[in-house]
Amino acid sequence: MAYHRIAALVIRHLYLYRRSLPRVMEIIYWPFLDLVVWGFITVYLATFQGQMPAVVTFLLGALILWDVLFRSQQGITISFLEEIWARNLMNLFASPLTPSEFLAATMVMSLFKVTAVSMVMSVCAWIFYGYNVFIIGLWLMPFIVNLVLTGWIIGVFTTSLIMRFGQEAEVLAWSMVFLFQPISCVFYPMEVLPSWLRAVASINPAAHVFEGMRGLLATHAAPLSSLSLASGLNLVYLGAVILWFHHTFSVCKDRGSLVRVGE
Amino acid sequence: MSPSVVEVRNLTKRFGAFTAVDGISFDIGRGEILGLLGPNGAGKTTTFQMMLGLVTPSSGSIRMFGLDLQTNREAILQQVNFSSTYISLPYSLTVEENLSVVARLYGMSNMAGRIDDMVKKLEMGEWRTKLTRKLSSGQMTRLTLAKALLTEPKVLFLDEPTASLDPDIAHKIRAILLEERQATGLSILYTSHNMREMEEMSDRIIFLQRGKIVAEGTAKDIVARFGQADLEEVFLKLAREQ
């Protein structure tokens, strides 16, 4: 891996944020809007149950963590789409840049987005709802790391599909992650799922993160088993999707479709 | 001929039952400009893309600087660049930002100085801070050429580099390329549909038809061999035989 090539690609993407309002909105406006809507829902539900602190803690915490996963996936996939829209893939892959360096750069961009969005959401949640995301304590970090990894897995998987199937698959960049939402058990416990869907959710690392978060907030018990499961699954899936990305890259080069992605 | 920096042997590319490039072999010497001619669909673009590592050959080999492209991709592509009228650079970046990203990608030292040189050489000073999306097609062509020369390549692939330029700028570009070749020993693989330009620029020409080399030599040799008045007549004759 050559770090200067990864840095070049990251700088190329950061240049885009200098003068693009829609890209800045993606980091500030949409997460803020999400938070406002879910915040009001939370307040409304709390008036019914009379348990406002618990509901706020569960729902707003889940929302912020879900956005970590969502933005982490978007960071990867949108960075790839930016190259397609700019018809820049040929310039990049005719340079010494390797597919691994390309992926590494998209992962750095993903971290940039996650950090920016998490800061915006945490500050807004605190200002508007008095919600302190750090109520979860030090366990917040391993939760976030695991959700970032899950986002990368979905992002690399989606990117491979777009590379393989071209522009027609672009819509997956925004929709794929929502396929995982019902089985990520973001806003409800895994036990409410029917047994067959629970089996599917149990192999989804994100579901274990959200289970762990709820368990921690309810009982204050260390979520070691949830985090171990999530980390193990994440590492296996991440290795598999990276291999699959390389395989797809090689197939596209063989079919001559790499330079035609987006046409 | 000077020692070969590019050696292509029995290069073949099949897409299913269709053979786009059919067992072609050629060399490019140091400081040589090799013209690649052929009608649309002759296999020129596929050959370019294989030589840039963007398409995997079905069989045959591509060696540059004595190294095999399949196994030494990074080392080879560090010393190679390309420019095409049909490829742009990211529209949302300024000219200067695009050049700076390319310089970083290739790990250039003295990045600012080299960018200044290119901007001056290709007369891009007035629009170096302009967004790429606001460039005319001629300015875009100059930018992609600047991007290709910026990295001080030893081998350059040029796909119709003067197609959208006015005659004055096209003449200047050809002069710059010849000057770079003279100064650095740059080897160039060149395509154009401007036959006069091909005659002027190329030391040797390869004529591709249906993926095969059907003629090879200097422009003068080829014209004489086919008993035509000029290279354009040869092109028309071969293209219409398809």
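This one's a predicted model, so the numbers in the text were calculated from it and none came from an experiment.

Draft legend 1. Spatial organisation of the overall build of chain B. Each helix and strand counted, chain B has nine helices and ten strands in total. Summarising its shape, the C-alpha atoms of chain B cover approximately 50 × 40 × 35 Å along the three principal directions. Taking all 242 residues of chain B together, the buried fraction comes to 58%. Partitioning the contacts of chain B with sequence separation of at least 6, the portion at a separation of at least 24 is 67%. Total accessible area on chain B is roughly 10,000 Å²; 47% of this is exposed by carbon and sulfur atoms. Across chain B, the centroid of the 29 positively charged side chains sits 4 Å from that of the 29 negatively charged ones.

Draft legend 2. Inspection of the sheet that holds strand β4 (residues 59–64) of chain B at higher detail. Residues and elements named next belong to chain B. What the four strands build is an open sheet, ordered β2-β1-β4-β5; its pairing is antiparallel. Both outer strands of the open sheet, β2 (18–29) and β5 (67–68), are each paired with one neighbouring strand and no more. Taken together, the two bridges between β4 and β5 define a ladder with antiparallel strand orientation. The residue bridging R63 from the neighbouring strand is D68, located in β5.

Draft legend 3. Region of the structure containing the domain arrangement of chain B. Residues and elements named next belong to chain B. The domain boundaries assigned to chain B delineate domain 1 (4–79 + 154–240) and domain 2 (90–152). In this structure, domain 1 and domain 2 have C-alpha centres spaced 25 Å apart. Taken together, the 16 residues of domain 1 in the interface contact twelve residues of domain 2. Counting the surface domain 1 buries against domain 2, the share from its top three residues, Q78, I176 and E180, is 34%.

Draft legend 4. Up close: the pattern of salt bridges. Residues and elements named next belong to chain B. A complete count under the given rule lists 23 salt bridges over all chains for this structure. The closest approach of N and O atoms between E123 and K172, which form a salt bridge, is 3.2 Å. Of this pair, E123 sits in the loop between α4 (111–121) and α5 (137–150) while K172 sits in helix α6 (residues 167–184), and the two are 49 residues apart along the sequence. Owing to a relative accessible area of 29%, K172 belongs among the partly exposed residues under this scheme. Ionic pairing is found between E200 and R174, a salt bridge with its closest N-O pair at 3.4 Å. Taken together, the residues E200 in helix α7 (residues 195–201) and R174 in helix α6 connect sequence positions 26 residues apart.

Draft legend 5. Representation of helix α8 (residues 172–180) of chain A in the model. When α8(A) is considered as a whole, its buried residues turn out to be A173(A), M176(A) and V177(A). Down the axis of α8(A), the buried side of the element spans an arc of 95°, and every buried residue falls inside it.

Thresholds applied
Residues numbered from 1 in each chain as written. Chains lettered and ligands numbered in written order. Predicted model: local features only at pLDDT ≥ 70, side-chain atom pairs only at ≥ 80, totals over all residues. Heavy atoms only, no water. Helix = DSSP H or I, 4+ residues; strand = E, 2+ residues; numbered from the N terminus. Buried < 20%, exposed > 50% of the residue type's maximum accessible area, 1.4 Å probe, protein only. Contact = heavy atoms within 4.5 Å. Areas by Shrake-Rupley, 256 points an atom, 1.4 Å probe, with all protein chains shown as cover. Lys, Arg positive; Asp, Glu negative; His and termini not counted. Charge placed at Lys NZ, Arg CZ, Asp CG, Glu CD. Pairing = 2+ DSSP bridges. Domains from an automatic or database assignment. Buried area = accessible area lost by both parts, 1.4 Å probe. Salt bridge = Lys/Arg side-chain N within 4 Å of Asp/Glu carboxyl O. Arc of directions from axis to C-beta.

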